[in-house]
Amino acid sequence: MANKGIMERLAEGVVLGDGGYIIELEQRGWVVTGAFTPEISMTHPDAVRELHMEMKNAGCDVLQVMAFYGSREKLETVGYGDFTREINKAATDIAREVAGDEMLVAGNLSTTWMWEPDDERSDRMVAEMFDEQIEAQEGVDFVLGELFFSLGEALLCAERIKEKTSLPSMITMSFRADNVTADGFTAAECAKRLQDAGVDIIGLNCMRDPTHMYPLIQEMRGAFDGYLAAQPVGFRTTDETPWFSGLPSFPDKLEPTQFTRYELGEFAAKARELGVNYIGGCCGCKSTHMREMAKELGKFTEQYRWNRKAMPMSDTEYNRQTVGKGT
């Protein structure tokens, strides 16, 4: 495990998380569009390992366990329910292997789509699913719960992390069409309630692009004084449809809507100015995006041969321009 934990690193400055995996793996041909599940960590571990390596080389500080939608009920929908523990363990082992001693590994929990407000039965079922994943992801440095559309489920996730581990916790909320959760809470209210629940890092992830996430970042930053996280998508959304999964291009025509690496670099710089402590990317944020973010944050030190102000030329281009000029 890494020498400095997440809380120590945050106390020293901005921490850079990693980028998106699910859609990137689909675009690389490893999974098909549909129910995005993490069985790939068991069926094609080298594909996940390669993505982790790219994020490491790009300058990220953290690797997330590739266990998004890794709860038993979600895996049941694609026939992998009986392999829940094996899948979560495999994903953890891969991340741990690549991280080595330099990087942190974040355990990964996410919305289950099974939680219902004021329903004790759903509370028990979802708690059991979180517990199973937490137990299978042994050896992580902290635990991240993400993509919560309801504050109630996010608070339940935070409770299970605290009950089952002594590790720092990170919870990120997601907003689609409205600036309130499915159970009626604003971003500011979510931040306050999660801080009161003892969550160490609180923030936002997925759905919104940088432009449409900035107002929510500012709202959260003004509501609490703890560590704030922001991980936008790398796909351009609109004022009419500020969440990317609502766009006509979702899920298999997203390529033309993707941000450039430099736009995500600009996000990292602005997010830092807005007081974000944990900066990362979500769906659509490739290793090249993360490398540009790392450069903006002073985390990428490898020398490179050109900059965007100078036009690189191949020998063919050079020869074409010099033919007939006496050179």
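Above: the structure in question.
All figures in this text were calculated on a predicted structure; none of them were measured in a lab. As a convention, each chain's residues are numbered from 1 in the sequence order in which they are written. Reporting of local features is limited, given that this is a predicted model, to residues whose pLDDT is at least 70; pairs of side-chain atoms are given and counted only at 80 or more, and all residues count toward the totals for whole chains, interfaces and linings. As a rule here, side-chain values cover all heavy atoms of the structure and leave hydrogens and water aside.

K.L.:
Sorry if this is basic, but what is going on with empty space enclosed by the protein here?
P.N.:
Gaps left between atoms show up when a probe the size of a water molecule is rolled over them. Using only the protein atoms, space was sampled on a 1 Å grid; points where a 1.4 Å probe fits but cannot get out form cavities, open sets with protein on both sides within 12 Å along at least five of seven lines form pockets, and lining residues are those with an atom within 4 Å of a point. Grid points are joined across faces, edges and corners, and a volume is the space filled by probe spheres set on the points. A complete count under the given rule lists 1 cavity of 30 Å³ or more for this structure. Within this model, the largest cavity holds a volume of roughly 30 Å³. Taken together, Gly20, Ile23, Glu24, Gln27, Phe235, Gln258, Gly284, Cys285 and Lys286 make up the full set of residues lining the largest cavity. In terms of residue class, the lining of the largest cavity is built from 3 nonpolar, 4 polar and 2 charged. Residue polarity is assigned by list, with Asp, Glu, Lys and Arg as charged and Ala, Val, Leu, Ile, Met, Phe, Trp, Tyr, Cys and Pro as nonpolar; anything else, Gly included, falls into the polar class.

K.L.:
Whenever I open this one, the packing of helix H4 (residues 45–58) against helix H12 (residues 287–296) confuses me. Can you help?
P.N.:
Each pair of packed helices can be described by the angle between their axes along with the distance between the axes. One can describe the packing of H4 onto H12 by two numbers: an axis separation of 8 Å at closest approach and a directional angle of 20°. Between H4 and H12, the interaxial angle falls into the category roughly parallel. Judged by the twist between their axes, the crossing of H4 over H12 is right-handed. Contact residues: Glu54, Met55 and Ala58 in H4; Ser287, Met290, Arg291 and Ala294 in H12. The axes used here are C-alpha line fits, helices contributing only the stretch in contact, and every angle between their N-to-C directions lies in the interval 0 to 180 degrees. Helix numbering and strand numbering both begin at the N terminus, where a helix is a DSSP run of H or I of at least 4 residues and a strand a DSSP run of E of at least 2. Angles are sorted into four bins: roughly parallel if under 35 degrees, roughly antiparallel if over 145, roughly perpendicular if 65 to 115, and oblique for all others. Should the near helix be turned anticlockwise from the far one by less than a right angle, the crossing is termed left-handed; should it be turned clockwise, right-handed. Contacts are assigned to residue pairs with any non-hydrogen atoms lying within 4.5 Å of each other.

K.L.:
Please explain the side chain of Glu54 as it appears in this structure.
P.N.:
Along the chain, Glu54 falls in helix H4. Pairing of N or O atoms within 3.5 Å defines a polar contact, subject to two protein rules: one partner must be a possible hydrogen donor and the other a possible acceptor, and residues neighboring in sequence count only if both atoms are side-chain atoms. Among the polar contacts listed, one links the side chain of Glu54 to the side chain of Ser287, at a separation of 3.2 Å.

K.L.:
When you look at the packing of helix H9 (residues 187–196) against helix H10 (residues 210–221) in this model, what are you seeing that I'm missing?
P.N.:
Where H9 contacts H10, the two axes come as close as 8 Å, and the packing angle between them is 40°. Viewed along their axes, H9 and H10 adopt a mutual orientation that is oblique. You can see that H9 and H10 cross each other, and the crossing is right-handed. Contacts between H9 and H10 involve Ala187, Ala188, Cys190 and Ala191 from the former and Leu216, Glu219 and Met220 from the latter. Its residues assigned to classes, the contact of H9 with H10 shows 6 nonpolar, no polar and 1 charged.

K.L.:
Just to check I follow, could you spell out the nonpolar core for this structure?
P.N.:
Across soluble globular proteins, nonpolar side chains show a tendency to be buried alongside one another. The definition of a nonpolar core used throughout is a set of buried Ala, Val, Leu, Ile, Met, Phe, Trp, Tyr and Cys residues joined through side-chain atoms within 4.5 Å. Between buried and exposed lies partly exposed: a residue is buried under 20% and exposed over 50% of the maximum accessible area for its type, with that area taken using a 1.4 Å probe on protein chains only. If you look at the biggest cluster of nonpolar residues, it comprises 87 residues, and the most contacted ones within it are Ile171, Met173, Ile217, Met220, Phe244, Phe267 and Ile279. With 6 residues, the top contributor of residues to this core is helix H8 (residues 151–164). Not counting chain neighbours up to four residues away, the residues in contact with Phe267 comprise Pro210, Tyr214, Ile217, Ala230, Pro232, Ile279, Gly280 and Met293. Within the second largest apolar cluster, 12 residues are counted, among which are Leu10, Val62, Leu104 and Leu144.

K.L.:
Is there a simple way to think about the pairing of strand E7 (residues 227–231) in this case?
P.N.:
If a strand is regular, its side chains alternate between the two faces of the sheet. Extensive coverage of E7 is indicated by the burial of 4 of its 5 residues. Paired strands are those between which DSSP finds at least two bridges. In this structure, strand E6 (residues 201–205) lies alongside E7, joined through 5 bridges in parallel fashion. Within E7, the residue paired with Leu204 across the bridge is Ala230. Tracing the backbone out of E6, into H10 and back to the parallel element E7 gives a crossover that is right-handed. With 2 bridges connecting them, E7 and strand E8 (residues 278–279) associate as parallel partners. Looking across to E8, one finds that Ala230 is bridged to Ile279. With the strands pointing away from the viewer, any crossover whose connection runs clockwise from the first strand over the helix to the second is right-handed.

K.L.:
Please clarify how the environment of Asp123 should be interpreted in this entry.
P.N.:
On the secondary structure map, Asp123 appears in helix H7 (residues 120–136). A sequence separation of 101 residues divides Asp123 from Phe224, and the C-alpha atoms of the two residues are 27 Å apart. Not counting residues up to four positions away in its chain, the partners in contact with Asp123 are Trp115 and Leu156.

K.L.:
Please clarify how the layout of surface pockets should be interpreted in this entry.
P.N.:
Of the pockets and cavities examined, the largest pocket occupies roughly 450 Å³. Residue lining of the largest pocket: 29 residues in total, with Ile22, Phe68, Leu147, Cys206 and Cys283 positioned closest to the centre. Elements represented by at least two residues in the lining of the largest pocket include exactly helix H2 (22–27) and strand E4 (142–148). Grouping the constituent residues of the lining of the largest pocket by class yields 18 nonpolar, 9 polar and 2 charged.

K.L.:
Whenever I open this one, H9 confuses me. Can you help?
P.N.:
Since the α-helix packs 3.6 residues into each turn, any two residues three or four apart lie on the same face. Among all positions of H9, only Ala187, Ala188, Cys190, Ala191 and Leu194 are buried. In an axial view of H9, the angular spread of the buried residues amounts to 160°, which keeps them on one side of the axis. In this fold, the buried residues of H9 make contact with H8, strand E5 (169–173), E6 and H10. In the segment just after H9, Gly198 is the residue with positive phi, at about 90°. Arc, as used here, means the arc of the directions from the helix axis to the C-beta atoms.

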